[in-house]
Every structure is written in C-alpha cells, then in structure tokens.
Amino acid sequence: NACGNSITCGSCSGGNVCNGSPAGTCVCPAASCSGYNCGPVTNACGNSIACGTCTGGRVCSGSPAGTCVCPAASCSGYNCGTVTNACGNSLACGTCSGGNVCNASPMGSCVCPAATCGSYNCGTVTNACGNSITCGSCSGGNVCNGSPAGTCVCPAASCSGYNCGTVTNACGNSLACGTCSGGNVCNASPMGSCVCPAATCGSYNCGTVTNACGNSIACGTCTGGRVCSGSPAGTCVCPAASCSGYNCGTVTNACGNSITCGSCSGGNVCNGSPAGNCYCPAPSCSGYNCGTVSNGCSSASCGSCVTPQLCNGNPGTCYCPTPSCSGYNCGTNTNACGSSANCGACGTDALCSGTVGTCYCPTPSCAGGRCGTVTNACGASANCGNPCTSAQVCHATYCTANTWYTYNGNCVGCVGTSNGGYCEATKLCQVGSSTGPTIGPSCPSGYAWTSGSCYCYFGGITRGYTSPGSPVAPNTVVYYYCDAGQVRSGNTQGTCTNGALNAAFPTCNPPPPPPPPPCFMAGTRVKMHDASERAIETLSPSDVVWGGERVLFLDVERAPRGTRVLSLDELNPKPWVTTGHTFVAAAGDLAAVDPDFAINADPALDGYVRELSSDTMLVAADGSYRRPRLKVEALEDPALVYSLVLEGPSHSFSANGWMVTDLYPRLERFPEMTRFLVELYRVEALRMDSMFDTLAMEQDDVNRLEALLTDLSLVVDRHWPVLLGTDSAETAPSMWSVNMSASPGINSTLSFVGRFPSPDI
C-alpha cells in the first residue's frame, strides 16, 4: 500500500500471467517463436504464432520442435543408379549388367551404350552389350593386326617370283633373294633376273675393256706418239726416246721424251741435216773488226787495225791506245788516231819545250818596267839593271814613283801610295819630292811640314803602328802594335815630342813556323764525276769531282824539307799525302796521322778528328771499309803540295782510292780562308796598280789576272754573307777599281771587291 505494507493475492494458472491492467488480473500473453525456426507455436494458455517454413527440400520436424531437417532419399521409380533428394541425401538404387549402363532418361533405366574405337586404328569394335563401330583401314601395304588389337602392321616381305636382289614390300620390309655370279648383275626387268651388263671404260683412256661376264667396249686410241700401256692399264704413255741413227745432239720423240746421243769435239757442231751428224761450221767475225777468230776446227781473219790503233783481243775491236809519256814530263802527247795523254804540267813560270816535252825554266823578262835582279818562280834570274828615272826607285823589281821621305836621315814612311808605308833597307828616300812631305823651315827640328802644319812622322807597316805613315800632332800618344801573329815585347806606347817618339819601338818576334799544310803531293789521282781520274795539280775551278761537287779553287802550298808524308796501301807505295790531312772514317768521324795539325788548320775540327792508325777502318772510294797500311816518311827536299776547296755540301772527294776531306770542310768554320782571300786580293791589286803606273802590263798578265780575279770574285760573291759574318745580302762598295782600257787593246774593267769590315784589312 501507500505506506509500504504488502500481501500475496494468489497466482495465475494455465499459462496466464498476472497483468497490471486491470491490476491483479490473470491474462494469456501473446505466443513467442523463441527457439523455433519453422511451424506454428501455441503457448500454454492457447495463443499461437507462425514461425516460418523450411526450404531446399527440408521439412519442419518436431524433434527438436521447430527445426528444419532433410528427410531420407527414396528409390521410388528408380531401378539403377543413385538417387539424391533436393537437400542432398542419397540412396543407391541398384546396378546394370551385360554391358548396359544406367541412363538418366528414362531416369534410372539400364540401356546399352554406343560402341567406341578407343585405342583401335583399324577394324570393327563391338562392345559387351552388342553395339559395334568401324575404326578405319590400313594403307601403304600395312594390315590390321589383332595383337595389339586394331593396330596397322607391315607384313614380312616375300621372294616369290625373285631369284636375286632384295625385295621390298609396299610398307618397306625387305628380304634378300640371292646374288648373281660370273659378272652378272641383278636386273629389274624382268624383275629379280641375273643379266650380263654392258662394259664401261672407267679409268681407261685407250684400248678395249672386257668385263667379267664377257661384254666388251673400245676406249679410244693414243695420239702424239704415245702408246697404250698396261701399267696403269689403259693409260697413254710416252715411250723412251731412242738414239737409233743419231751420233750427236739430243733426240726428242713425237711426245717429247729426249735422249742425249753424244757431243761433237774439236770445234765441230751437231747438224740437223742429216740429223745427228757432227760437222765443222765456218767461224764468224760478227762483233769483231780485227784479229783472227777460231772455233777450234777452223779459223777466219777479221781484219787488222790502222796504225797506231791496236786490237784489244784476238779477235777484238780496234781502239786508239793512250800514248805514252815516257821521256816527257809536260804537255799533251797526242797520237795519230786522236788519243791524248796529259804528261803533266810545269811549275809556276816554267815552260814546256813543245806540245809535249820536258819542262825548262826560261829567263825572266825585263819588260814592263822591271829593274834589279828578277827571279821567277822556277829559279831563273835576269839582271834588269836600273832603268828607273830620278823620280823613281827600284822597288820589288819594279820602277815605282819615289814617294818616301826621311826623318833624321832614316826612311820612316810614305804618303800617297797603296804600299801601306812599307820600308825596305834598299829603298832610296827623297826629301821634298812632289808626292811626299817636305821639311818646312817653320817647323821645329824633327817635324815635317804638311798642309800648313808641323807633324811628327813615324811608321812602317812592318812595325804595325797606329795609322802607319800618317801625321801625328805634337804631344799625341801613339800606341805600338806588332804584325798579326807576332809576339810583342817592350813598350806599348810613346808620345810624339819635338818630332820624335819618346819611347822606343817594341820588339816584334816573328810568328812560329806554320805546321805542314794538309795537302797532297803532285800526281795524286782525283776521281772525277765521269769516273775518270786526273792528277790533282791539273784541276781548275768549275771542274766537278766524283759525287757532283764543284771545285772552287786549287790551293798550292810549299811543304818544307822534313814535312811528314805517308802512303796507305801497296797500290800507291810512294808517299802522297801529308800526315795532317783528314780521311773519312767508317765510324762517321775523321782521322789523321797527326790530328793536331788538322785541328790547327781548322779549330772547329777539335773533337771530330782522331788519330789514324793501321787499325782504323776507313772509307774507300768504292764505298767499302778498309784498314790502311801506313808508311810515313819525311820529305828530303821542299815540294809543292796541293789541295782542293769544294763547293760542298759534303766537302769530300776520292784521292788515290780513299775518301778524304777538302782543305776547308766548312768555309764559315775556317777563319784562315778569309785572310787567305784578302791577302790574295791585296797582292794582285798592288801588282796591277804598279803595272798601270808604268802602263807596262802585257796581254798575258791581263789574261792571267782576269782569270784569277774572276775566280776570286766568284768565291767571295758566293760566300759573302759567311765571310762578312752576317746573313745580310747587301753589297759593299768596291775597294779597288782598275780601268783596263788604259792598256792598249784592252777594253774591260775589273773591280777588286773588298767586302771585309776590319780596318786592318
């Protein structure tokens, strides 16, 4: 109640429940499907509810209540096979017999199936219940076999109707049916019969071939002299040649085999008609024009030569022999057929007594203003007296204008000449001459009057003073010098005081004697470009030696007594070259017996020339290498020696069969060349100047000087940049110029070209 007291008022039965509305009333609740999947559910008080239906063939079962279950399958209407209901339960309903199978239509009925071929390839197949099927047929001669059943197999071959050969049936099985004998072969038609085949030539080229069973064939004949041989059978072979009927020569048969049938003797030859007979032929002079030709069994004359020609064999050809120089030492000996021999040349100023003859020394000529004793190069002298005028003096065998002056009674210098102030003890001095200075009354004692002034004079080029022969103002310092190569001792300078030098001149010692020149003796053979050989002293500028180098000039020296000379082999046993000359060595360098002499001549050779000994391998003219057999001697008398200066580039030539170098291997490496050329210019210029002073130059002098100066100008022009020490191509002014038209009959002008910058020159 409202204040909390309670009382039990009873309970409901029959499935009813106590309801609150109206409160305390028993009512029947609604039925519930809880725990049920199918079917109707009725509760205790009678209320019902439908709880669903079963699917898939299942049925609603009461155990447990309201559950869907699958009923058992049934064979009703089936007599074979397995029956499965809708929800999957199955039941076996029996099997079929006699080859029948359970058919699905009509359901569960036993029926006989159609037959199949399975593994059968041929024949007819019948199954267990009587149905049949045809499984094909065999081809290619095969047959259907029963083991394994339905298989196509090839039957064994049969010899029926065959007596030889091999029988093969349609499907390929074979059987040997025997062989044929006696050379017979198994024929195909008639089939399997033994028959004799036709014969064949096979490897036979000739003859008849018969086979084993008797058939034959002709295999051809041999040609060209060949015969049919049995080894190898049926081969054409060439038989051996025979000498039958021949006694010489070679016999060759129709097919080419040969045999030697002997030879002829005594100059006889084998003739072909009649074949193989020896006979003596007539000798022939073909290719010969002199002598007698003999063939051994007969001879013939080929003519004779016209005197003085000789026959160079027997037989041979006519040639013009070189004439002999026996009894001659100069000129050219020419015989009647035109051959010439150079018998040598005479020394300077010597003459030959004829076209060919002996050398003699002529008396020198006094023509051309010569005076005093004139001696030529070969030693002959002539006393030319003193044809000089009072204004001239005899100087160096020529009358020249006296332009010398004196100081205190001594010859001290000159003015106005190209002689450079050179004084000789024999030269007269003249004071007050028109060309020289005079002693002026207004000058102090010892001074000379020149151009209105007083000067101190001194000089002499032999002393080598500064400006020799030139005036020096009082109290001027003068330096002393010696000539090139001389050794100076004493004072080096002085002062011009009161017309005299206050210090004595130095002492100038002469230079040491030069070493022997590296040159060749006369007669040394030089190989020329045409392979001929000429004596070295006969060469001249523009000649071309072996190897193609042109001769610039021939240098001539005088070797003093005692100069060492040598020879190198037995072919030239007489010494022919000085020991300072260089030879080309096989090692590529140079060699000399006295290498110091070669280096003294050309310092640039230092390090390139070694000592020549008998073990040194030298280069011969033919390019081979040889060791010399050295033989050294000393000259008993002075002798002229010669050497070449070549244009280059190798500067080598062949002398007596050995390769040697020229005098100056390289012009720019040899300063003596410059001094040599300058000195030669100076000497010839002075000579020409003195000749023109007297207009006494002869035509021979002109010709000789013109040729010499032309050669010298060629050398200087060609090597001007080298001599000048520069690469410049400039042309220096002429130092001398001589008008040759001053001499009668001469219409040319020669210029002496002085292109050297040194003031000493």
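How each quantity is defined
Residues numbered from 1 in each chain as written. Predicted model: local features only at pLDDT ≥ 70, side-chain atom pairs only at ≥ 80, totals over all residues. Heavy atoms only, no water. Helix = DSSP H or I, 4+ residues; strand = E, 2+ residues; numbered from the N terminus. Buried < 20%, exposed > 50% of the residue type's maximum accessible area, 1.4 Å probe, protein only. Areas by Shrake-Rupley, 256 points an atom, 1.4 Å probe, with all protein chains shown as cover. Core = buried A, V, L, I, M, F, W, Y, C linked by side-chain atoms within 4.5 Å. Contact = heavy atoms within 4.5 Å. Disulfide = S-S within 2.5 Å. Pairing = 2+ DSSP bridges. pLDDT = per-residue confidence, 0-100. Phe/Tyr/Trp six-rings, centres within 6.5 Å; stacked < 30°, edge-to-face > 60°. Salt bridge = Lys/Arg side-chain N within 4 Å of Asp/Glu carboxyl O.

Secondary structure assignment for the protein chain yields three helices and 65 strands. Evaluated residue by residue, the protein chain yields a buried proportion of 31% over its 761 residues. As displayed, the protein chain has an accessible area near 41400 Å², and 51% of this comes from carbon and sulfur atoms.

To continue, consider the nonpolar core. By size, the foremost hydrophobic cluster in this structure holds 25 residues, and its most contacted members are F583, L644 and F653. Of all the elements in the fold, those that place two or more residues in this core are strand 52 (551–559), strand 61 (639–646), strand 62 (652–655) and strand 63 (658–661). A per-element tally of this core places strand 61 first, with three residues. With residues near it in sequence (within four places) discarded, F653 still touches F520, V526, V545, L644, L646, W658, M659, V660, T661 and D662. By size, the runner-up hydrophobic cluster in this structure holds seven residues, among which are C519, A559, V565 and A639.

Here we come to the state of the cysteines. Counted according to the given criterion, the structure contains 35 disulfides. Linked covalently through their sulfurs, C180 and C194 form a disulfide whose S-S length is 1.9 Å. What sets the handedness of the C180 and C194 disulfide is the S-S torsion sign, and at about -90 degrees it is left-handed. Within this pair, whereas C180 is found in the loop between strand 16 (174–176) and strand 17 (185–187), its partner C194 is found in strand 18 (residues 193–195), the two being separated by 14 residues in sequence. Through a disulfide, C248 is tied to C270; the S-S separation comes to 2.0 Å. The sign of the 80 degrees torsion about the S-S bond sets the C248-C270 disulfide as right-handed.

Attention now moves to the sheet that holds strand 32 (residues 340–342). One open sheet holds the three strands; their spatial order is 32-31-34, and the pairing between them is antiparallel. Strands with a single pairing partner mark the edges of an open sheet, and in this sheet they are strand 32 and strand 34 (356–357). Of the strand pairs in this sheet, strand 31 (residues 330–334) and strand 32 are connected by three bridges, and their pairing is antiparallel. Residue pairing across strands places T332 opposite N342, the latter belonging to strand 32.

Turning our attention to unusual backbone geometry. A cis geometry characterises the amide bond from T307 onward to P308, with omega recorded as 10 degrees. In this model, A531 sits at a positive phi of 75 degrees, which is unusual for a non-glycine residue. Note that A531 resides in the loop between strand 50 (525–527) and strand 51 (533–535). Given the relative accessible area of 45%, A531 is considered partly exposed. We note that N656 has phi near 50 degrees; this positive angle belongs to a residue other than glycine. N656 gets classed as buried once you look at its relative accessible area, which sits at 5%.

What follows concerns the confidence of the model for the protein chain. Segments scoring low in pLDDT should not have their predicted coordinates read at a detailed level. Across the protein chain, the average pLDDT comes to 74, with 68% of residues at 70 or higher. Contacts for the low-pLDDT stretch residues 403–443, under 50 throughout, to residues beyond four places or in other chains number 85 contacts. When the criterion is pLDDT under 50, residues 457–469 qualifies, and its contacts beyond four places in sequence or with other chains add up to 52 contacts.

By secondary structure assignment, the location of P239 is in the loop between strand 22 (233–237) and strand 23 (250–252). What makes P239 partly exposed here is its relative accessible area of 32%. Along the primary structure P239 and V227 are separated by 12 residues, whereas in three dimensions their C-alpha atoms are 7.1 Å apart. With sequence-adjacent residues up to four places away left out, P239 is seen in contact with G225, R226, N253, C255 and N257.

Note that P308 resides in the loop between strand 28 (299–301) and strand 29 (310–311). Measuring from C-alpha to C-alpha, the distance between P308 and C318 comes to 9.8 Å, with 10 residues separating the pair along the chain. Those residues in contact with P308, other than ones at most four positions away along the chain, are P321, N335, A336 and C337.

Before going further, it helps to spend a moment on the packing of aromatic side chains. Overall, the coordinates contain three aromatic pairs when judged by the stated rule. Summarising the aromatic geometry, the rings of F520 and W576 are spaced 6.1 Å apart at their centres and angled 10 degrees between planes, so their arrangement reads as stacked. Here the residue F520 occupies a position in strand 49 (residues 520–521), and W576 occupies one in the loop between strand 53 (564–567) and strand 54 (577–578), the gap between them amounting to 56 residues. F520 sits in the buried class, given a relative accessible area of 0%. Overall, the relative accessible area of 4% leaves W576 in the buried class. Consider the rings of W576 and F583, whose centres lie 6.2 Å apart with planes at 75 degrees: the pair is edge-to-face. Considered together, W576 and F583 belong to a single accessibility category, that of buried residues.

Turning our eyes to something else, we now look at the pattern of salt bridges. Under the defined criterion, the tally for this structure stands at six salt bridges. As a salt-bridge pair, D594 and R564 come within 3.2 Å of each other at their nearest N and O atoms. One end of the pair, D594, is in the loop between strand 56 (590–592) and helix 1 (595–601); the other, R564, is in strand 53, and 30 residues separate them in sequence. Its relative accessible area of 15% is what places D594 among the buried residues. When its relative accessible area of 34% is taken as the criterion, R564 is described as partly exposed.

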